[in-house]
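Residue-level structural notes
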Amino acid sequence: MADERKSLEQRAQMTDIERLRHSAAHVLATAILKIWPDAQFAAGPPVENGFYYDVELGHRISPEDFEKIEAEMKKETKANHVFERVVLPRDDALSMAQRGLLGALGERSSPSKFKLDIIQNIPEGEEISIYRNGEFTDLCAGPHVMRTGNIGAFKLTHVASAYYKGDEKNPQLQRIYGTAFKNKTQLDEYFAMLEEAKKRDHRKLGKELELFTFDDQVGPGLPLWLPRGTAIIEELEKLAKETEFAAGYVRVRTPNLARESLYKTSGHLPYYADSMFPPMVVRKNEQFRVFWENWEKKQNQLHEETVPNLFPDLKDPDVRAKISGMSPDETNRWLEARIVNMGQEATNAFNKMAVDNFIPTLMMAQVAPVEDRFYLKAMNCPHHHKLYAAIPRSYRDLPLRLAEYGTCHRYEQSGELFGLMRVRSLQMNDAHIYCTEDQFESEFLAVNEMYLKYFKLFGIEKYVMRFSTHDPAKLGQKFVDNSQLWLKTEDMVRGVLQRSGINYVEVPNEAAFYGPKIDVQVWSAIGREFTIATNQVDFAQPKSFGLVYKDSDNTEKTPLCIHRAPLGTHERFIGFLIEHYAGNFPLWLAPEQVRILPIGDEPALLDYARAIQNELRSYQVRAELDASSDHMKTKIANAEQMKVHTMLVIGNRDMEANAVSLRVHGKGNLGAKPRDDVIADILAAIKERRA
RNA sequence: GCCGAAGUAGCUCAGCUGGUAGAGCAGCUGAUUCGUAAUCAGCAGGUCACGGGUUCGAGUCCCGUCUUCGGCUCCA
């Protein structure tokens, strides 16, 4: 934490609205203290859409308390107190904190403990200041507005919990959120904007437009795609297949499960196990099980009789307890260490025992393990690596680009689940590119170009590329332990990014376990930030899988692997698209592309309507017919509500002229047009994926 | 996972300090035959998330579970 604290200079760069909101946080603290004088305050900064203050308090603040708190805040802003800044020596600040005077209205029996801690973390030599407004005094570097009255309009929004300094080992505090503006008009506009954003929320639209659903019995984070949502999925897959085919990819298919050992090889189990569903254990047949259990019994018996004689300290219950807590590997290491120190006679006895008992047992275990564990795959890469390995590869085969819309399952923490944006079953726009080091740059750039092409197609303008690198302190825990390769690969990626002039930000400690990655962040309508696409360089897995190609000099070399998913996952990408388009999809993506609305239900008219529907469907257009007895206005209202892209209204006038009356969602009535022209234009718009 | 809030018909929601579960839309049946955002009437629809408890009596109060939502990065 300490190394991430903002310098005084950075703080001074607060914008006007941040300054106002930071001041509102002080007013909030003032109000809370008026009601609960023993409140202990930690930090109260401005944030993106408002401010918060973290407080420790016996009383649980609930939204019902907001009115009371806001009333006290109102008094404080009405009083229009000056924000007064006082610079003081460190010792004075410490003594004030000791007397409970900081984040307080006056002297208190218990010290201002969080403030005390904060002062102690201020580097020597940095200026320490306090701010006063009315009776309230707080340790604060500022800056603030001139007077409390300058905070024109504010509102408390919600309360949540947060650990002090974000560390779960620290006490849990109540975080009171609010927002503030210069005046009431701006505050009202902000809340109106939030209301608008709520209408775009993919969870709400997904239900209204019948795109997907969740079911308790199926399980949390496991979306079910309704036919209308599935139509979008299929359009995206079509897009990906066409794009990838043109870029020289080949498609593959792999199962959703694999044996445990695959994930040991890939590194998922050591580095990624928390994000995987627990294994499925498949037992061998009964006959073998009985046989195996007898072996185990015999082995236990041997253990009881022989091993303590060889290792007398095993008679000590403490030593035995320690060993029984060890993993098989640790036990072996312990044994090896003991054997080295044994006398010749004991060594011989031990070796004989090993030959007679352990080795046959061990062999049996290898030939037919007693249980077989399968894991649901969390990533497609291990399976793809096996496809690479299935056929001998030459340098002439590279780059090899294996693509699959693979289904993966990840055991996300329950609190992380969020609509379609964070789920436990996901289909990834995945591909793995195996290439030589020389080919890396052009392959990497081609992937980036593919991203940009997609973003242009979808009109995604606000995005940020994040280049995530490793943290040397976490090698071997979070990241594959090979410092040199990390640095080399990161340099390589950084070089390509710089040479190609791509705008990016670099963030440490967020790489994949097998290599650095580039993520594309976008923002949902609700303002949440999401990684929509990803591009990762893998220097670890090809090696651990023993992947090779025969180079032109007749030597075997290990290829590099680029993992890429420009369209991310169906779940997150469609969740994003729903909000991006507010449910008003372009024709090519629209779940229902065309609805035909006959005026009345005379047989001749219905025949004409059906003929148009059949023609459109023969071209794979998702066209429906509303043959209900509803009135025209009702049919239109129904179609508009479902955001059907194109409505073809047909009455007798149209039928007689071989025409249709065109109505487009969001554009209204466009009048009667020749039937063939309208159909031709629909087909062209779909083919071009017109916006 | 942790802290907090919520869960009533397919959907949106009402249901007061405990006293016989309601509306609109959707659905079904019938009538209406109509030119660009909702024609009329009738019918049906519920183990009030699930499980336990308190009570003469629980949608309402208490406990547990499940699910969803808001947070858990910033930081005087």
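Residues numbered from 1 in each chain as written. Chains lettered and ligands numbered in written order. Predicted model: local features only at pLDDT ≥ 70, side-chain atom pairs only at ≥ 80, totals over all residues. Heavy atoms only, no water.

Backbone-to-backbone hydrogen bonds join strands into a sheet, with any given pair of strands oriented parallel or antiparallel. Strand order in the open sheet formed by eight strands is β11-β15-β16-β23-β20-β19-β17-β18, and the pairing between neighbours is mixed. Every interior strand has two partners, whereas the edge strands, β11 (250-251) and β18 (504-508), have only one. Direction of pairing for strand β17 (residues 464-469) relative to β18: parallel, over a ladder of five bridges. Directly across from Thr 469, in β18, lies its bridge partner Pro 508. Each of β17, β18, β19 (517-523), β20 (529-538) and β23 (560-565) touches helix α18 (residues 483-499); the most contacted strand, β17, lies at about 160 degrees to it. Relative to β20, helix α20 (residues 570-581) is tilted by about 145 degrees, and along the sheet it contacts β15 (400-409), β16 (425-435), β19 and β20. (Pairing = 2+ DSSP bridges. Helix = DSSP H or I, 4+ residues; strand = E, 2+ residues; numbered from the N terminus. Contact = heavy atoms within 4.5 Å. Axes fitted to C-alpha atoms, helices over the stretch in contact; angles between N-to-C directions.)

Only a minority of non-glycine residues have a phi that is not negative, and only a minority of peptide bonds are not trans. A cis geometry characterises the amide bond from Leu 398 onward to Pro 399, with omega recorded as -5 degrees. When you line up the elements, Pro 399 lands in the loop between α16 (381-389) and β15. The phi torsion at Asn 554 lies on the positive side, around 65 degrees, for a residue other than glycine. Looking at the element boundaries, Asn 554 is found in the loop between β21 (549-550) and β22 (556-557). Residue Asn 554 is classed as exposed on the basis of its relative accessible area of 56%. Backbone geometry at Arg 689 places phi at a positive 50 degrees, although glycine is not the residue there. By the secondary structure assignment, Arg 689 is in the segment after α24 (675-687). (Buried < 20%, exposed > 50% of the residue type's maximum accessible area, 1.4 Å probe, protein only.)

Summary statistics for chain A give a mean pLDDT of 85 and a share of 86% for residues scoring 70 or more. Scored below 50 in pLDDT, residues 365-369 shows five contacts in the model against residues more than four places distant or in partner chains. (pLDDT = per-residue confidence, 0-100.)

Here the focus is the packing of aromatic side chains. Throughout the structure, instances matching the rule amount to 22 aromatic pairs. Among the aromatic residues, those joined into a ring-pair cluster are Tyr 271, Tyr 272, Phe 513 and Tyr 514. The ring of Tyr 52 has Arg 175 sitting right over it, with the charged end atom 3.8 Å from the ring centre. When the ring centre of Tyr 411 is taken as reference, the NZ or CZ atom of Arg 424 above it lies at 4.5 Å. (Phe/Tyr/Trp six-rings, centres within 6.5 Å; stacked < 30°, edge-to-face > 60°. Lys NZ or Arg CZ within 6 Å of the ring centre and 35° of its normal.)

Pairing is antiparallel in the open sheet, where three strands are placed in the order β4-β5-β6. Whereas interior strands pair on both sides, the edge strands pair on one side only; in this sheet they are β4 (84-87) and β6 (136-139). Strand-to-strand twist across the sheet, computed as the mean angle between neighbouring axes with direction ignored, equals 25 degrees. Pairing analysis gives four bridges linking strand β5 (residues 129-133) to β6, with the strands arranged antiparallel. Its bridge partner lying in β6, Asn 133 is registered against Phe 136.

Each regular strand displays side chains that alternate between the two surfaces of the sheet. Burial of β5 is extensive: four of the five residues sit out of reach of the surface. Note: β4 against β5, four bridges, orientation antiparallel. Its bridge partner lying in β5, Val 86 is registered against Ile 130.

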